[in-house]
Amino acid sequence: MKTTITTSLLSASVLFSGAAAATETIRCAHQFPPTHTIGQAIDKWAAEIETQSKGELKVEVYPANSLVSAKEVIPAVAKGDIECGFAINFSWGRTLPAMLVTTAPFAFSDVEVWKRWPTSEAAHFLERKLESKGLKNLTWMFQTNTSVFTTNGKFLNTPADFEGVKIRGVVPPFNAGLEKMGASPVSMSGGEVYQALSTGVIDAALTDIAAAVSRKYYEVQDHMTVFPIISVYAHGFANPRWYSKLSDENKQVLQAAGLKGAEWALELSEEAVADAPQQLRDKGVNLHYATAEEQQALSDVMLPAFNASFAKWAGDDTDELIKLIEKLH
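Because the structure is predicted, anything quoted here is derived from the model rather than measured.

Enquirer: Help me out: how do you make sense of the overall build of the chain in this one?
Expert: The helix and strand inventory of the chain stands at eleven helices and twelve strands. Taking 329 residues into account, the globule formula puts the C-alpha radius of gyration at 20 Å, and the chain, at 20 Å, falls close to it. Along the first, second and third principal axes, the C-alpha set of the chain runs to 70 × 45 × 30 Å. Counting contacts in the chain only where the partners sit at least 6 residues apart, residues at least 24 apart contribute 77% of the total.

Structure below.
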């Protein structure tokens, strides 16, 4: 499946040489379905690049793992197999643990932080880290700070409710919190969860509330509890060797489009979060908003387990990042 955003080439009459402008094709792969808020934001970002480059850049968007899988997109871009990709912060694992700091339970739920994120010192810190891994960051796209624990037949509201539950995991430090409550986490990408739920590989899932709609979790899960438990973001990146060959003008186009893309992602996320609860109820889902007491009970168990695991797992470079994030509050 490919979404191609096209615009006309520059007219020969506006070119000094009188020749047609060369068109640079950007193949950009991601895991999100087109209806997902990030999928929609990526399409808008791609169209903006084509418009502002006056057709010199053509973006071919490959959604829903249709070109490469979520696990393959980072190495595919780093090696230069494709020019561009998007991934969520979960994807980095031990390769770049600093990307996972926002998975600390209940620690980064303030949306104002994400409004300031794209031009922040914290973002620049991670951009330098990404360059050391062979990627040029292009845009930051906030996905959610409103998550749901999904299951069948009962709510997952208290630590005791998780005992013996096979649940979609995220990354090892977050999973340590789930394990502390007696759950058995199985880490997988968002695109794999529906099948795992429908076949009984897992009993329950964690996702953002809008994705529970776009990925149709309501077809296989009937109880969902809303928690501001985790902050998830996606980011777009390019192969730096390819990027270095672009004109200065088109580099500026990508930079400006990246900032707009960040704004669009946040706007779309806020709209989806507002609409999703009723959409889920309309599909027959029993929806519960965790109380302050329920949130605190999970935090008391999960956050210490996360911190202990993350300190061993992530290394010292996250200390500076946490301090830079604190400046955003």
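Don't stop here, the text continues.
Enquirer: Explain the environment of P185 to me, please; I cannot follow it from the model alone.
Expert: Residue placement: P185 occurs in strand β8 (residues 184–187). Given a relative accessible area of 18%, P185 falls into the buried group. Not counting chain neighbours up to four residues away, the residues in contact with P185 comprise I167, G169, N175, L178 and E179.

Enquirer: What's the story with the state of the cysteines in this structure? I'm lost.
Expert: Two cysteines form a disulfide when their sulfur atoms are joined by a covalent bond. On inspection of all chains with the given rule, the structure shows one disulfide. Between the sulfur atoms of C28 and its disulfide mate C84 the distance is 2.2 Å. Linking C28 in strand β2 (residues 24–29) with C84 in strand β4 (residues 84–88), this pair joins segments that are 56 residues apart in sequence. Relative accessible area serves as the criterion here: at 0%, C28 is assigned to the buried category. Taking relative accessible area as the criterion, C84 reaches 0% and is therefore assigned buried.

Enquirer: Teacher, can you tell me more about the pairing of strand β6 (residues 147–151) here?
Expert: The side chains of a regular strand alternate between both faces of the sheet. For β6, a buried count of five out of five residues is recorded, marking the element as mostly surrounded by other parts of the structure. Both faces of β6 are covered, namely the face carrying S147, F149 and T151 and the face carrying V148 and T150. With four bridges connecting them, β6 and strand β9 (residues 205–208) associate as antiparallel partners. Across the sheet, T150 pairs through a bridge with A205, a residue of β9. With five bridges connecting them, β6 and strand β10 (residues 223–227) associate as antiparallel partners. Residue pairing for β10: S147 is matched across the bridge by F227.

Enquirer: Please clarify how empty space enclosed by the protein should be interpreted in this entry.
Expert: One simple way to see leftover space: roll a probe sized like a water molecule over the atoms. With the rule as written, the count across this model stands at one cavity of 30 Å³ or more. Forming the walls of the largest cavity are 18 residues, and the residues nearest its centre are F90, Q143, R168, T207 and D208. No other element matches β9, which puts three residues into the lining of the largest cavity. The residue makeup of the lining of the largest cavity, split by class, is nine nonpolar, six polar and three charged.

Enquirer: Teacher, can you tell me more about the sheet that holds strand β12 (residues 286–289) here?
Expert: To summarise the sheet geometry, strands pair through backbone hydrogen bonds and adopt either a parallel or an antiparallel arrangement. Pairing within the open sheet is mixed, and its four strands lie in the order β9-β6-β10-β12. Only two strands of the sheet have a single neighbouring strand rather than two, namely β9 and β12. Here the average twist between neighbouring strands, direction ignored, is 25 degrees. Taken strand by strand, helix α10 (residues 292–314) contacts β6, β10 and β12, and its axis lies near 80 degrees from that of β10.

Enquirer: Just checking my understanding: could you explain the packing of aromatic side chains for this structure?
Expert: As enumerated under the stated definition, the model contains twelve aromatic pairs in all. Ring geometry for F106 versus F227: centroids 6.2 Å apart, planes at 75 degrees, classification edge-to-face. With F106 in the loop between β4 and α3 (111–116) and F227 in strand β10, this residue pair connects regions lying 121 residues apart in the sequence. Taking relative accessible area as the criterion, F227 reaches 1% and is therefore assigned buried.

Enquirer: It is not clear to me how the nonpolar core should be interpreted in this structure. Could you clarify?
Expert: Nonpolar side chains in soluble globular proteins generally cluster together in the buried interior. In this structure, W45, F149, F174 and I229 are the most contacted members of the largest nonpolar core, which totals 89 residues. By size, the runner-up hydrophobic cluster in this structure holds 19 residues, among which are Y218, V226, L280 and V285.

Enquirer: Is there a simple way to explain unusual backbone geometry in this structure?
Expert: A negative phi angle characterises most non-glycine residues, just as the trans form characterises most peptide bonds. A positive phi angle, near 55 degrees, is found at K54, a position not held by glycine. Tracing the sequence through the fold places K54 in the loop between α1 (37–52) and β3 (57–62). Looking at K54, the relative accessible area reads 52%, which means it is exposed. Here the phi dihedral of A64 falls at roughly 55 degrees; this positive angle occurs in a residue that is not glycine.

Reading guide: rules and limits
- Residues numbered from 1 in each chain as written.
- Predicted model: local features only at pLDDT ≥ 70, side-chain atom pairs only at ≥ 80, totals over all residues.
- Heavy atoms only, no water.
- Helix = DSSP H or I, 4+ residues; strand = E, 2+ residues; numbered from the N terminus.
- Rg over C-alpha atoms; globule rule 2.2 N^0.38 Å.
- Contact = heavy atoms within 4.5 Å.
- Buried < 20%, exposed > 50% of the residue type's maximum accessible area, 1.4 Å probe, protein only.
- Disulfide = S-S within 2.5 Å.
- Pairing = 2+ DSSP bridges.
- 1 Å grid on protein atoms, 1.4 Å probe; cavity = no way out; pocket = protein on both sides within 12 Å on 5 of 7 lines; lining within 4 Å.
- Points joined across faces, edges and corners; volume = space filled by probe spheres on them.
- Nonpolar A, V, L, I, M, F, W, Y, C, P; charged D, E, K, R; others polar.
- Axes fitted to C-alpha atoms, helices over the stretch in contact; angles between N-to-C directions.
- Phe/Tyr/Trp six-rings, centres within 6.5 Å; stacked < 30°, edge-to-face > 60°.
- Core = buried A, V, L, I, M, F, W, Y, C linked by side-chain atoms within 4.5 Å.

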